[in-house]
Amino acid sequence: MSLAQVHYTSAAPGDEGTAGRFTAVGPGVSGALLAEIEPLVRYELPGGVPERPSDGELRALPQAFGYFALSDGSRLVARSAPVRDSGGTRAGVRFHAHAVHLPPGVPLPGDRLPVEAWRSPHWVAVTPDGAIPDPLTLPPGPAAVSEGLDDFAVSRGPWLAAVLADLRRASEAEAPGRPVALVERQCADVARWLGLASVTLPRESAERLTFTTYTRRPGSSASRVVGVLPEDAGAARAADLRMHECAGPAPAGSTEDVWATTAARVWRSRSPELFREARELPGEPFAAGPLAVTALCAGVTLGPDERAAAAGWAADRPYALDAKRTGRLVEAIASPGIDDRTGPEFDAAGRLFGALEGRCPASVTAPLAAMLVTEAVRGGNGSLELPRRDAFAGPEGAAVAERLGPEILTELADTVGSRPVARTVQLLRVARLLGVDGTESLPGVVDRLAPALLAEASAAAHEGPPGFAPALLELLDEQFEVRTALLGALDRIAPQDPGAVARFLERVALPFTGTQALPHLRMCAEVPEAMATLGGDRAAVWHRVLRAAGLSPFAEPLVLRTAVGLVWEDRAPTVEEARLLLDAATSDSHRVAGTWARLVDAALSASAPGTSATGASASGTSTAGTSATGTDEAARLAHDLLRGFPAEIGGRERAGLLLLDLVRELRTGAPEPGWAERVRTLCAQAEPVEPALRERAHAALVERLLAPDRPGAELYDFVHGADAELIAAYDRAARTETVRARLRTRPAYAADCFTVWTAHPHAGRAWPPVAAALLDEVLRPAVRGMSAEDVAEVEATVGRTGSSGRADAFRNWNRSSTLGRLGRRIAGRVRRG
């Protein structure tokens, strides 16, 4: 099929206002297409061209060779070249464009790629008089553009991977918006870049790669790849193109495109035939795996990312390679001369070993197995997928064990510093694989490993199993002796921090369903379900957790500590719960378990139910003379704790319990004399005393001081002690409804209060104003409401218990109250009159 050719030349002398004209147009090229073609084939001279260049200077001028996609689906291959103008234009140079039109779906002759026509001998620089050969019809063999590509690729080594990565992106069906700009001093080198792409890319991708080897206006080009001279690089940068300044200094950094990096290494090894071989392997067109496998099998040196891609691809397709290529691939990946392997590469190599193991002879996979265990020991890679034990049954395994065994035992026996859990687990697993006997060091290893498990799991911010969990479970499944020793060590440390062990077991399901007792681990494993089932009933949870231990606290007191730590980890038990714990075991058991301290906390932090912070009930009635159940239970608990643990409880805790015991005696018995002073002394010794305990002690003391049968000596000590907090508590209690009712109905009690509240007018600064206020605001309203007979009885009682002067004082005090009432009545009548 004859393809239509088009010729275009720049304007002749005298054709001002026109850029050029078509001088010959082949059949089938419409006027609309010509309008689209014209801007594509125009040529602009570079800057600094002499007015009349010499023949050498003319030949050195760039030629624009391009391949363009047209709007109707057809394509255009064109060359625009400068030619001498014999007519004497201003610059002495014109240009001539020669193009070939390819209708939609029509390939180039010989199924060539467009860039191969770059050096075609049939391009002409003048409009022919008749038919001429098709420039795209090339002689057999490699085109001129393909010659020397290896040398060119080596010379462009620093740019190679990045340019190939961008050319690949530019060849996608949905090309990115920004064209690729290749800055070269010679447009022939731009054509060589495109020649590299035509060999490297799949055929369909290379055919989508439209280009021009030279333009002075890269920002307005419709091509996916544009060639730019160094002096026009600024225009390309201003247009925000994907720049590659191959005419300048080598670029810094590297590309993350593993396929492009692999392709660059193939070119630098001068092995372009490997691209064709790689395309015969299964996989995505631009997957790095097939190309990396092909390169490694051919002896090409690759980097760690490329080797990882090869190993990963082969692991996913273990039957894609024959035995010979599989052996070459394993040799290349496991080569002892490689010293830059990375974690991802080792992981991929481990997957490859797992895929080949059992499918290939052990002699083939042995180098991989040796590499993996060597890295596990010397490289510290704890995430490796290790081989099975039978991989080291032969002489290769014995050699590896002889080399690595002493290193493993030395590190396991090292007790200096901290060793990550994953590292210890890996060493133990490798020791078993190689048959290294570590029996002597095992107790010390698990004693360090057990707390490290809890610490690392607690430090992990994320939820779910910690990173070392899969390898740990495999270790416990593989090695019975390690499982037995490690579970025993965890069971021994569980009483110290049972909450941490319980949280660890929620994230890592350790296998302890065998014959080992492990009471503490079983309790820790039971508590989450118990709490979920029984909710807030902590006593029921405690009973269930204790049953899970399978041991009585009388036989093994430490189960008490574990159970208490699990149920009351971050809080003190209530008084009722503490009584349950105290009665569940002997004092000796609590002493061994150390749980007596939790019982002390429960007693000291208890608050009287139904009472406010002032010692009064929520309804405003006094607790004096009533049964405050919570207070009494806490006080009784304190009494029992002091008897049961006399040597263990000391310091401020002992003072606090003694204070509670004194509260019990104040409310239920007859305390030793001097209890007002003892309250002050014990409060000072218990500092910092819990607010609830201080309020309870003050309330009990002032209740007794307000009782009708209170000892006078205690009241005297209280008043003259000048304790502002105690006096304030007395004031609050005296104003409760219980005391007011007693004053209204019991004249003897009113007489006693009058005597007390008037007896110590000079007892410090705190008492006199409180006593005066109680007389006026509490006692006076009560006396006003009495009958005349009751008032007379109050006066008589004051006189009997005090003196005649005291009785006169009461009469004067009461008369001032009566006169005040009478005066107010008279004033009211006057105002009404």
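The structure this text deals with has already been given above.
In this report, we go over the structure that sits alongside the text.

Conventions and cut-offs
Residues numbered from 1 in each chain as written. Predicted model: local features only at pLDDT ≥ 70, side-chain atom pairs only at ≥ 80, totals over all residues. Heavy atoms only, no water. Core = buried A, V, L, I, M, F, W, Y, C linked by side-chain atoms within 4.5 Å. Buried < 20%, exposed > 50% of the residue type's maximum accessible area, 1.4 Å probe, protein only. Contact = heavy atoms within 4.5 Å. Pairing = 2+ DSSP bridges. Helix = DSSP H or I, 4+ residues; strand = E, 2+ residues; numbered from the N terminus. Axes fitted to C-alpha atoms, helices over the stretch in contact; angles between N-to-C directions. Disulfide = S-S within 2.5 Å. Expected span 1.5 Å × (residues − 1). Bend = angle between axes of the 7 residues up to and from the residue. Phe/Tyr/Trp six-rings, centres within 6.5 Å; stacked < 30°, edge-to-face > 60°.

This brings us to the nonpolar core. Core analysis: the largest hydrophobic core is formed by 246 residues, its most contacted members being Leu472 and Trp757. If we ignore the near neighbours within four places in the chain, the residues touching Leu472 are Val425, Leu453, Leu486, Phe504, Val508 and Leu510. Membership of the second largest hydrophobic core comes to seven residues, among which are Ala181, Val183, Val228 and Ala236.

Here the focus is the sheet that holds strand 9 (residues 242-245). Pairing within the open sheet is mixed, and its nine strands lie in the order 2-1-5-4-3-7-8-6-9. Every other strand in the sheet has two partners, leaving strand 2 (20-25) and strand 9 as the edge strands with one partner each. Looking at chain direction, strand 3 (residues 64-69) and strand 4 (residues 75-84) are connected through six bridges and run antiparallel. Considered in strand 4, the bridge of Ala64 is made with Ser80. Strands strand 1 (4-10), strand 2, strand 3, strand 4 and strand 5 (93-102) of the sheet are contacted by helix 1 (residues 31-41), whose axis makes an angle of about 120° with strand 2.

By the definition in use, this model includes zero disulfides. Here Cys187 stays free of any disulfide, with the sulfur of Cys246 as its closest cysteine sulfur at 14 Å. Owing to a relative accessible area of 9%, Cys187 belongs among the buried residues under this scheme.

With that settled, the discussion passes to the pairing of strand 1. With seven of seven residues buried, strand 1 lies mostly within the body of the structure. By the alternation rule, side chains of strand 1 split into Ala4, Val6, Tyr8 and Ser10 and Gln5, His7 and Thr9, which are all buried. As paired strands, strand 1 and strand 5 are joined by six bridges and run antiparallel to one another. Paired with Val6 across the strands is Ala99, a residue of strand 5.

With that settled, consider helix 21 (residues 519-534). Between its first and last C-alpha, helix 21 extends 21 Å over 16 residues, near the 22 Å set by a 1.5 Å rise per residue. If you look at helix 21, its biggest bend is around 35°, right at Val527, and the proline Pro528 turns up within four residues after that. All buried positions along helix 21 are accounted for by Pro519, His520, Leu521, Met523, Cys524, Val527 and Ala530. The secondary structure elements touched by the buried residues of helix 21 are helix 19 (480-493), helix 20 (498-507), helix 22 (538-549) and helix 23 (558-567). Once helix 21 finishes, Gly535 follows within two positions and takes phi at roughly 65°, a positive value.

All right, on to the packing of aromatic side chains then. The description of an aromatic ring pair rests on the distance of the ring centres and on the angle between the ring planes. Scanning the model with the defined rule gives 18 aromatic pairs in all. With a centroid separation of 6.0 Å and an interplanar angle of 40°, the aromatic rings of Phe65 and Phe211 are classed as tilted. With Phe65 in strand 3 and Phe211 in strand 7 (residues 211-212), this residue pair connects regions lying 146 residues apart in the sequence. The two residues Phe65 and Phe211 agree in class, both being buried. Judged by centre distance (5.3 Å) and plane angle (35°), the ring pair of Phe718 and Tyr730 falls under tilted. Here Phe718, found in helix 31 (residues 712-721), pairs with Tyr730, found in helix 32 (residues 724-734); they are twelve residues apart in sequence, far enough to count as distant.

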